[in-house]
Amino acid sequence: MVNMLTKVRSARPSRAGTREGKPFSLSRHSMRRMAAPSALVLKCETCGEMPHRVLRGKIAGKDEIVFEGTVKCTKCGRVSSVVRREPKPIQLPIIVSWLERSERTSLEFSPDEDIDVGQELDLADTRITITAIEAAGRRVDGARANEVSTLWAKRIDQVRVKFSVNKGNRTVPHEVLAAPDEEFEVGEIVDLGKIRALVHHIRTRYRTVRAGRVRADEIVRMYGRVVRERTSR
Ligand SMILES: [Zn+2]
């Protein structure tokens, strides 16, 4: 039996999988909702490709999505009227694996969008990478969205770190969930819920680390021992 717990120390949210830093992304889902977007990346005659605030606008269209509105360049403040068309998105079935489970869901794509194995995408609150693509009845490395029948992906915003914890007369396997870039350090105490354990050494694919830090996604297994709780603070 493996204990699966989120490490308490990791209060900082995973950087992967958040949408922070790209509030004006047009490439995914900005015009896909049938409400007018609040911002769009458009070409300004003076500044080039820039985020534009939508002052007024509406979304319409049957075979394609048409945005008509008034926008303002966030750099120079130029106000202009635009009509922008996007093909209607399609929903592709996607099987996302995470730990021992696979979940079937769907993800929106523009029909002419290219999808490649290894590509990273947002899926709800998580970050995924495409691991396999089926198009026209066979596995391919890449295809246009409208040719794809099924996608497979795995979640990459969290990894599980194996942690063998010595409890005196026995060693018990634990697993800790962490962001891929989160670091574990030899000498650190990791909260495993009911117990806390001191990291003694960390094995990676290439070496055994007896001092220092290792990124979670480079860890093959950590070794440690249970820490007796103090009764007073
Ligand atoms: Zn401008």
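Residues numbered from 1 in each chain as written. Predicted model: local features only at pLDDT ≥ 70, side-chain atom pairs only at ≥ 80, totals over all residues. Heavy atoms only, no water.

Colleague: What should I look at first to understand the overall build of the protein chain in this one?
Modeller: Within the protein chain, the secondary structure is distributed over zero helices and 21 strands. Expressed as a percentage of its 233 residues, the buried residues of the protein chain come to 41%. Partitioning the intrachain contacts of the protein chain with sequence separation of at least 6 by distance along the chain shows that 47% fall at a separation of at least 24. For the protein chain, the computed accessible surface area is about 14000 Å², with 47% contributed by carbon and sulfur atoms. (Helix = DSSP H or I, 4+ residues; strand = E, 2+ residues; numbered from the N terminus. Buried < 20%, exposed > 50% of the residue type's maximum accessible area, 1.4 Å probe, protein only. Contact = heavy atoms within 4.5 Å. Areas by Shrake-Rupley, 256 points an atom, 1.4 Å probe, with all protein chains shown as cover.)

Colleague: Would you explain the packing of aromatic side chains in this entry?
Modeller: The description of two aromatic rings rests on the distance between their centres and on the angle between their planes. Within this structure, the stated rule accounts for zero aromatic pairs. For the cation-ring pair, Arg139 lies above Trp152, with the distance from its terminal atom to the ring centre recorded as 4.1 Å. Taking NZ or CZ as reference, Arg155 lies 4.5 Å from the ring centre of Trp98, over its face. (Phe/Tyr/Trp six-rings, centres within 6.5 Å; stacked < 30°, edge-to-face > 60°. Lys NZ or Arg CZ within 6 Å of the ring centre and 35° of its normal.)

Colleague: Can you walk me through unusual backbone geometry in this structure?
Modeller: Most peptide bonds take the trans configuration, and most residues that are not glycine carry a negative phi. Within the chain, Leu99 stands out as a residue other than glycine whose phi angle is a positive 55 degrees. For Leu99, the position within the fold is in the loop between β6 (90-98) and β7 (101-109).

Colleague: So what exactly am I meant to see when it comes to the environment of Lys162 here?
Modeller: With respect to the helices and strands, the residue Lys162 is situated in strand β14 (residues 159-166). For Lys162, a relative accessible area of 36% translates into the label partly exposed. Here the alpha-carbon distance between Lys162 and Leu177, two residues 15 residues apart in the chain, equals 9.0 Å. Residues contacting Lys162, with those up to four places away along its chain left out, are His174, Glu175, Val220, Arg221 and Met222.

Colleague: Which parts of the structure should I look at to understand the nonpolar core?
Modeller: Most often, soluble globular proteins have nonpolar side chains that are buried together. In terms of nonpolar packing, the biggest core is built from 19 residues, with Phe163, Phe184, Leu192, Ile202 and Met222 touching the most fellow members. When residues of this core are traced back to their parent elements, those giving at least two are β14, β15 (171-178), β18 (196-204) and β21 (219-227). In this structure, Val96, Phe109, Leu121 and Ile133 belong to the second largest nonpolar core, which totals 18 residues. (Core = buried A, V, L, I, M, F, W, Y, C linked by side-chain atoms within 4.5 Å.)

Colleague: When you look at the coordination of the zinc ion in this model, what are you seeing that I'm missing?
Modeller: Tetrahedral coordination by four donors puts the ideal angle at the metal at 109.5 degrees, and octahedral coordination by six puts it at 90 or 180 degrees. Protein-derived coordination of the zinc ion comes from Cys44 (SG), Cys47 (SG), Cys73 (SG) and Cys76 (SG), at a distance range of 2.3 to 2.4 Å. Around the zinc ion sit four donor atoms, and with donor-metal-donor angles ranging over 105 to 113 degrees the site reads as tetrahedral. Counting gaps between the donor residues of the zinc ion yields the pattern C-x2-C-x25-C-x2-C. Of this pair, Cys47 sits in the loop between β2 (39-44) and β3 (48-60) while Cys76 sits in the loop between β4 (64-73) and β5 (79-87), and the two are 29 residues apart along the sequence. Residue Cys47 is classed as partly exposed on the basis of its relative accessible area of 23%. Owing to a relative accessible area of 39%, Cys76 belongs among the partly exposed residues under this scheme. (Donors = N, O, S within 2.8 Å, 3.2 Å for Na, K, Ca; no water. Tetrahedral: all angles 85-135°; square planar, octahedral: opposite > 155°, others 65-115°.)

Colleague: Would you mind showing me how to read the sheet that holds β2 here?
Modeller: The pairing of strands in a sheet comes from backbone hydrogen bonds and takes either a parallel or an antiparallel form. Spatially, the four strands line up as an open sheet ordered β2-β3-β4-β5, and their pairing is antiparallel. The sheet is open, and its two edges are formed by β2 and β5, each paired on a single side. Looking at each pair of strands side by side, their axes are set apart by 45 degrees on average, direction ignored. Two elements, β2 and β3, share six bridges in a ladder whose sense is antiparallel. Of the residues in β3, the one forming a bridge with Leu40 is His52. (Pairing = 2+ DSSP bridges. Axes fitted to C-alpha atoms, helices over the stretch in contact; angles between N-to-C directions.)

Colleague: Where do I start with the pairing of strand β9 (residues 120-123) in this structure?
Modeller: Put simply, side chains in a regular strand alternate between the two faces of the sheet. In terms of strand pairing, β9 meets strand β10 (residues 126-135) through four bridges, oriented antiparallel. Bridging from a neighbouring strand, Asp122 pairs with Arg127 of β10. Here β9 folds back onto β10 in antiparallel fashion, the turn holding two residues, of which Ala124 has a positive phi close to 50 degrees.

Colleague: Got a minute to help me understand a negative patch on the surface in this structure?
Modeller: Among the surface-exposed residues, Asp112, Asp114, Asp116, Asp141 and Glu147 lie close enough to one another that they form a single negatively charged patch. Inspection of the secondary structure puts Asp114 in strand β8 (residues 114-116). (Patch = residues over 30% accessible without salt bridge, like charges linked within 9 Å, V, L, I, M, F, W, Y side chains within 5 Å. Salt bridge = Lys/Arg side-chain N within 4 Å of Asp/Glu carboxyl O. Lys, Arg positive; Asp, Glu negative; His and termini not counted. Charge placed at Lys NZ, Arg CZ, Asp CG, Glu CD.)

Colleague: Where do I start with the pairing of β14 in this structure?
Modeller: Bridge count for β14 against β15 is eight bridges, and the pairing is antiparallel. For Val165, the partnering residue across the bridge sits in β15 and is Val172. Linkage of β14 to β15, two consecutive antiparallel strands, is achieved through a turn of four residues, within which Gly168 is found at a positive phi near 90 degrees. Pairing between β14 and β21: four bridges, direction parallel. Paired with Val165 across the bridge in β21 is Gly224.

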